[in-house]
Amino acid sequence: MSNSTSTSKRSTWPTAGVAAVGFVALLWIVEIADQLTPGATLDDNGIRPRTDEGLVGVLLAPLLHGGWPHLVSNSGLALLLFFLVLVGDVRRGLLATGIVWVVAGLGTWLVAGAGTSHIGASGLVFGWLTYLVLRGFFARRPGQIVLGVVLFLMYGSVLWGVLPGQPGISWQGHLFGALGGVISARVLARRQ
């Protein structure tokens, strides 16, 4: 590995760290604003399936959370996984995030039950996890395969969340987020 390649790889660490911390900080700022908004709630801007207004939620839902416990449950994994998605290649990580964001949002908008509203960053978390687990296999990169296996052993059990289960939990967001991760791992591996 040349010195310039080594330097460019190292330079992604600070960028990935700042972006991951910044994204999670944004989630907290949005929740603070939501809690301080009297009489109205930002959470009304979630994904409302098959409605015109609900399409706005495709863009906003990952930034919105149904209170502090919901936000806390998403923050730790979001911070870790977003950092890992970005650290190897920031541009590719942002592309993967965009794919996951759109697939999770549109999939939920298309198939979730009428009259429901879906919010939270867990679709991104599921997408980032499946992306990280699978990207090494698609790209045939041993280091990424090892990372994917380690992440699967540590956090793979959360993937059961793609199945219908607990009321009030958007399994559709989880399912389509995970599908977005699979799609991004496959599509971006071809471009590597």
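Hey, could you run me through the overall build of the chain in this one?
If you tally the helices and strands in the chain, you get 7 helices and 0 strands. Traced from its N-terminal end to its C-terminal end, the chain shows the element sequence α-α-α-α-α-α-α. Against the globule reference of 16 Å for 192 residues, the chain gives a C-alpha radius of gyration of 17 Å, in line with a compact fold. Evaluated residue by residue, the chain yields a buried proportion of 44% over its 192 residues. Taking all contacts inside the chain whose residues are at least 6 apart in sequence as the whole, residues at least 24 apart take part in 77%. Working note: accessible area of the chain is about 9800 Å², and carbon and sulfur atoms make up 70% of it. Positive and negative side-chain charges of the chain, numbering 12 and 7 respectively, have mean locations separated by a distance of 26 Å.

Would you explain the packing of helix α4 (residues 90-111) against helix α5 (residues 122-139) in this entry?
Two quantities define a packed helix pair, namely the angle between the helix axes and the distance between the axes. In contact at an axis separation of 9 Å, α4 and α5 are set at 130° when each is read in the N-to-C sense. By the criterion of interaxial angle, the relationship of α4 to α5 is oblique. The handedness of the crossing between α4 and α5 is right-handed. Along the contact surface, α4 presents R92, A96, T97, V100 and W101, while α5 presents G123, L124, G127, W128 and Y131. Here the residues of the contact of α4 with α5 are counted per class, giving 6 nonpolar, 3 polar and 1 charged.

Looking at this model, I keep getting lost on the pattern of salt bridges. Mind explaining?
When the charged atoms of two side chains with opposite charge come close together, those side chains can pair. For the structure on display, the rule yields 2 salt bridges. Note that R48 and E53 form a salt bridge whose closest N and O atoms lie 4.0 Å from each other.

Teacher, can you tell me more about the side chain of H118 here?
Residue position: H118 is located in the loop between α4 and α5. When its relative accessible area of 9% is taken as the criterion, H118 is described as buried. Separated by 2.7 Å, the side chains of H118 and S170 make a polar contact.

Please clarify how the nonpolar core should be interpreted in this entry.
Ranked by size, the top nonpolar core spans 31 residues in total, and within it F23, L81, W128, Y131, L132 and L151 carry the most contacts. Those elements that place two or more of their residues in this core are α1 (3-36), α3 (68-87), α4, α5 and α7 (171-190). With 10 residues, α3 is the largest single contributor of residues to this core. Not counting residues within four places of it along the chain, the set of residues in contact with F23 comprises L63, F82, W101, L124 and W128.

Criteria and thresholds
Residues numbered from 1 in each chain as written. Predicted model: local features only at pLDDT ≥ 70, side-chain atom pairs only at ≥ 80, totals over all residues. Heavy atoms only, no water. Helix = DSSP H or I, 4+ residues; strand = E, 2+ residues; numbered from the N terminus. Rg over C-alpha atoms; globule rule 2.2 N^0.38 Å. Buried < 20%, exposed > 50% of the residue type's maximum accessible area, 1.4 Å probe, protein only. Contact = heavy atoms within 4.5 Å. Areas by Shrake-Rupley, 256 points an atom, 1.4 Å probe, with all protein chains shown as cover. Lys, Arg positive; Asp, Glu negative; His and termini not counted. Charge placed at Lys NZ, Arg CZ, Asp CG, Glu CD. Axes fitted to C-alpha atoms, helices over the stretch in contact; angles between N-to-C directions. Parallel < 35°, antiparallel > 145°, perpendicular 65-115°, else oblique. Left-handed = near helix turned anticlockwise from the far one by under 90°. Nonpolar A, V, L, I, M, F, W, Y, C, P; charged D, E, K, R; others polar. Salt bridge = Lys/Arg side-chain N within 4 Å of Asp/Glu carboxyl O. Polar contact = N/O pair within 3.5 Å; in protein donor to acceptor, adjacent residues only side chain to side chain. Core = buried A, V, L, I, M, F, W, Y, C linked by side-chain atoms within 4.5 Å.

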